[in-house]
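Structural features, examined
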Amino acid sequence: MTDTSVSKGPDVRLWRRLWSEHIRRFWPLLVLAVVLMSVEGAAIGAFAWAVQPLFDTLFSAGSMDGVVWVALLIGGLFVLRATAGFLQRILVVGVGMRVVASLQTRLLSHLLTLDLAFFQTNPPGALIERVRGDTTALQNVSSNALMSLGRDAITLISLLAVMLYTDWRWTLFAMLGVPVLILPLLAVQAFIKRTSRMARAAAADLSTRLDEIFHGVQTIKLNRLETTEQNRFHAAVQAFLRPSMRTRIGSAANPAMIDIVAALGFVAVLYVGGQDIIAGEKTLGEFMSFFTALGLLFEPLRRLSGIAAQVQAAGASLERLYDVLETHPTILSPDPAEPLEPGDIVFEDVHFGYGDAPVLNGLSFTAKAGQTTALVGASGAGKTTVFAALTRLVEAQSGQIRIGAVPVSQADLAILRSTIAVVGQETALFDESIRANIRMGALDATDAAVEDAARDAEVMDFAQAFPQGLDTVVGPRGSALSGGQRQRVVIARAMLKAAPILLLDEPTSALDAQSERLVGAALDRLSEGRTTLVIAHRLSTIRDADKIVVMDHGRVVEEGTHDGLLAEGGTYARLHAMQITGAEVS
Ligand SMILES: Nc1ncnc2c1ncn2[C@@H]1O[C@H](COP(=O)(O)OP(=O)(O)O)[C@@H](O)[C@H]1O
Ligand SMILES: [Mg+2]
């Protein structure tokens, strides 16, 4: 993830980007909202203004008719204000929600383009927090800020106008305390920016903890880690609470400071204005009107003073969002791409490492088209990494990986991946029906095709025993199925995909003998006529392979057939002596 310690400059740039990418298209609605806010704000000014004739002309003249008219006018003003306020809020919140929806959609589609490595350094919980928490924080704060900016600024201006109209000198005295406030307000803003950044980072940690706990609930129970996890979670909650509290304290300091300014203003105006009235230079009505305006002024001023703080807090979320949006994938389709043709899979002096740790060290081998090649080697030898490099989940740092004559890096990424079906080590099921999980191999497949795949992969056997059959929902990560059942669903998916190249990563390693036999039969059917690379440590799987490639420390140390390699008496023979199955499962 890129550096987040940006200073003032980029902030403005990010807001501008947010505006042009996600908000600008709603501009007519926002203009309407601002007009309504102006009505809402101006109504207050008009109210304060109406107080003066009430006192000076109507009360003293004893004109009850006039009083009724002013009462009706004031009543009307409040109804107008209520209506404008209601509509304005609906508009702002509605736009805010739609902006968040479009931002979330955009974030997800961007996240899905990022390299696998990104997801290995950014845990799911933290990413969920960005897509959900940061966007929502941004929305709440920006709607509030926009509302006060529109409505409160107009209120403020209209009240100031009434005050200036009544007496500019009084107005100056009323505002006596304002300059005192500027420095503390700026300090509070900087404080809030810092604490809200910390709070957002802590929120991400919190989500990560929850994600890990719920995914690992079985391990937690079996190892009796409940208390440990509770304590860790408690610590994460505390770490979130502290900066959040500080942010709130910072925000609460704003209105408090405004109240102090208000006190100074009131005292000064009472003193100066009182003298003017006693001297007969001003009327009581003027004083009442001025005082009403002043009294009404401080509430919007309190809110306005909070905006800067809110914008700072939202800025913390905005930075985190653009941090993701400005991370770019490095593994991309070349333009133009070369068309892929079926052919041998060739690794030629391939080097790859995670960070500084080398994993593939000049790996070279050929897997003949239409044949089955077995990759054998100790755990950590780099076998799974071979598959990742072939499918370009990771990018080889040097050397070449070809399918036929075309380097995989020169092929279109989508076409490359549709050419290859993978049955991997990881749980590959989603919390949907068995049918939906199989259909992920080919989204446009007919029901009949899905059912054929289910039959060929021996999924039907167990699915039929469920009341819902193929429509049974498999639970998070397929937890409602047994290991062997899960693997057969994944095999059915690969069958439906009908890709010419098949990669099997220890497909039967987690299975008992009975499931292994069923899955083995399904796999035989699956690999028929396809170029198959299988990582295996089961003797039976390996023995049937057309060719065996023995890997050690990211390099090929031996190749050949089962009998040939045994006769050589090298690494394979040693692994074989340990029955291969005895090798540690990677
Ligand atoms: N995401 C990763 N980040 C860092 N190192 C990794 C990652 N994945 C695998 N490795 C390392 O790469 C090496 C080879 O892993 P792998 O290809 O999975 O081995 P095998 O499948 O042969 O058991 C191992 O030493 C492993 O620790
Ligand atoms: Mg592996």
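Throughout what follows, the structure given in this document is the object of discussion. Here the structure is a predicted model, which means the values were calculated and not measured.

Conventions and cut-offs
Residues numbered from 1 in each chain as written. Chains lettered and ligands numbered in written order. Predicted model: local features only at pLDDT ≥ 70, side-chain atom pairs only at ≥ 80, totals over all residues. Heavy atoms only, no water. Core = buried A, V, L, I, M, F, W, Y, C linked by side-chain atoms within 4.5 Å. Buried < 20%, exposed > 50% of the residue type's maximum accessible area, 1.4 Å probe, protein only. Helix = DSSP H or I, 4+ residues; strand = E, 2+ residues; numbered from the N terminus. Expected span 1.5 Å × (residues − 1). Pairing = 2+ DSSP bridges. Salt bridge = Lys/Arg side-chain N within 4 Å of Asp/Glu carboxyl O. Phe/Tyr/Trp six-rings, centres within 6.5 Å; stacked < 30°, edge-to-face > 60°. 1 Å grid on protein atoms, 1.4 Å probe; cavity = no way out; pocket = protein on both sides within 12 Å on 5 of 7 lines; lining within 4 Å. Points joined across faces, edges and corners; volume = space filled by probe spheres on them. Domains from an automatic or database assignment. Nonpolar A, V, L, I, M, F, W, Y, C, P; charged D, E, K, R; others polar.

**Thoughts on the nonpolar core**
Counting 45 residues, the largest nonpolar core has I434, I438, V459, V489, I491 and I548 as its most contacted members. Looking at this core, the element that brings in the most residues is helix α16 (residues 483–497), giving seven residues. With 34 residues, the next largest nonpolar core counts I331, V386, A388 and M551 among its residues.

**Quick word on unusual backbone geometry**
Following D335, the chain continues into P336 via a peptide bond in cis, with omega recorded as 0°. Following the sequence through the fold, P336 ends up in the loop between α10 (284–325) and β1 (345–354). Positive phi, normally seen in glycine, also occurs at H553, with a value near 45°. In this structure H553 comes out as exposed when scored by relative accessible area, which is 58%.

**Here we look at helix α9 (residues 226–278)**
An ideal rise of 1.5 Å per residue puts 78 Å on 53 residues; α9 measures up with 76 Å between its terminal C-alpha atoms. The first or second residue beyond α9 is G280, which carries a positive phi of 75°.

**Some words on the environment of Q218**
Here Q218 shows up in helix α8 (residues 217–222). Once the C-alpha coordinates of Q218 and L73 are considered, the two residues, 145 residues apart in sequence, prove to be 69 Å apart.

**Let's talk about the pairing of strand β10 (residues 555–560)**
Inspection of the sheet shows strand β9 (residues 547–552) paired to β10 by five bridges, in the antiparallel sense. Among the inter-strand pairings, I548 is bridged to a residue of β10, identified as G560. Connecting β9 to the next strand, β10, in antiparallel fashion are two residues, including H553 with a positive phi near 45°.

**A closer look at the pattern of salt bridges**
Counted by the stated rule, this structure contains 30 salt bridges. For R151, the salt bridge goes to E40, with nearest N and O atoms at 3.7 Å. Residue R151 is found in helix α5 (residues 124–166), and its partner E40 is found in helix α2 (residues 27–61); the two are separated by 111 residues along the sequence. The burial state of R151 is the same as that of E40; both residues are buried. What you see here is one network of salt bridges that share partners, running through E40, R89, R151, D152, D259, E299, R302 and R303.

**A short note on the packing of aromatic side chains**
In the structure shown here, the tally under the stated rule is 10 aromatic pairs. Both rings, one in W170 and one in F290, keep their centres 5.3 Å apart while their planes meet at 80°; by these two values the pair is edge-to-face. With W170 in helix α6 (residues 168–174) and F290 in helix α10, the pair connects residues that are 120 residues apart, well separated along the chain. By relative accessible area, which is 0% here, W170 ends up buried. Each ring, one from F347 and one from F365, has its centre 5.0 Å from the other, and the planes form 10°; the classification is stacked.

**What about the sheet that holds strand β2 (residues 357–367)?**
Pairing within the open sheet is antiparallel, and its four strands lie in the order β2-β1-β4-β5. Since the sheet does not close on itself, it has two edges, and those belong to β2 and β5 (406–407), each with one partner. In this structure, β1 lies alongside β2, joined through eight bridges in antiparallel fashion. If you follow F352 over to β2, its bridge partner there is L360.

**Points about the layout of surface pockets**
When its volume is computed, the largest pocket comes out at roughly 2300 Å³. Taken together, 48 residues line the largest pocket, and the ones lying closest to its centre are L116, L393, E426, A428 and F430. Elements with a minimum of two residues in the lining of the largest pocket: α3 (64–111), α4 (116–121), α5, α11 (383–390), α12 (413–419), β6 (420–423) and α16. Counting contributing residues per domain, the lining of the largest pocket is built from domain 1 (8–325) and domain 2 (345–577), each supplying no fewer than three. Estimates place the volume of the second largest pocket at around 720 Å³. Mapped onto the lining of the second largest pocket, the elements with two or more residues apiece are α5, α7 (178–215), α9 and α10. Ranked by the residues each element gives to the lining of the second largest pocket, the list is headed by α10, at nine residues. Considered class by class, the residues forming the lining of the second largest pocket number 11 nonpolar, 10 polar and six charged.

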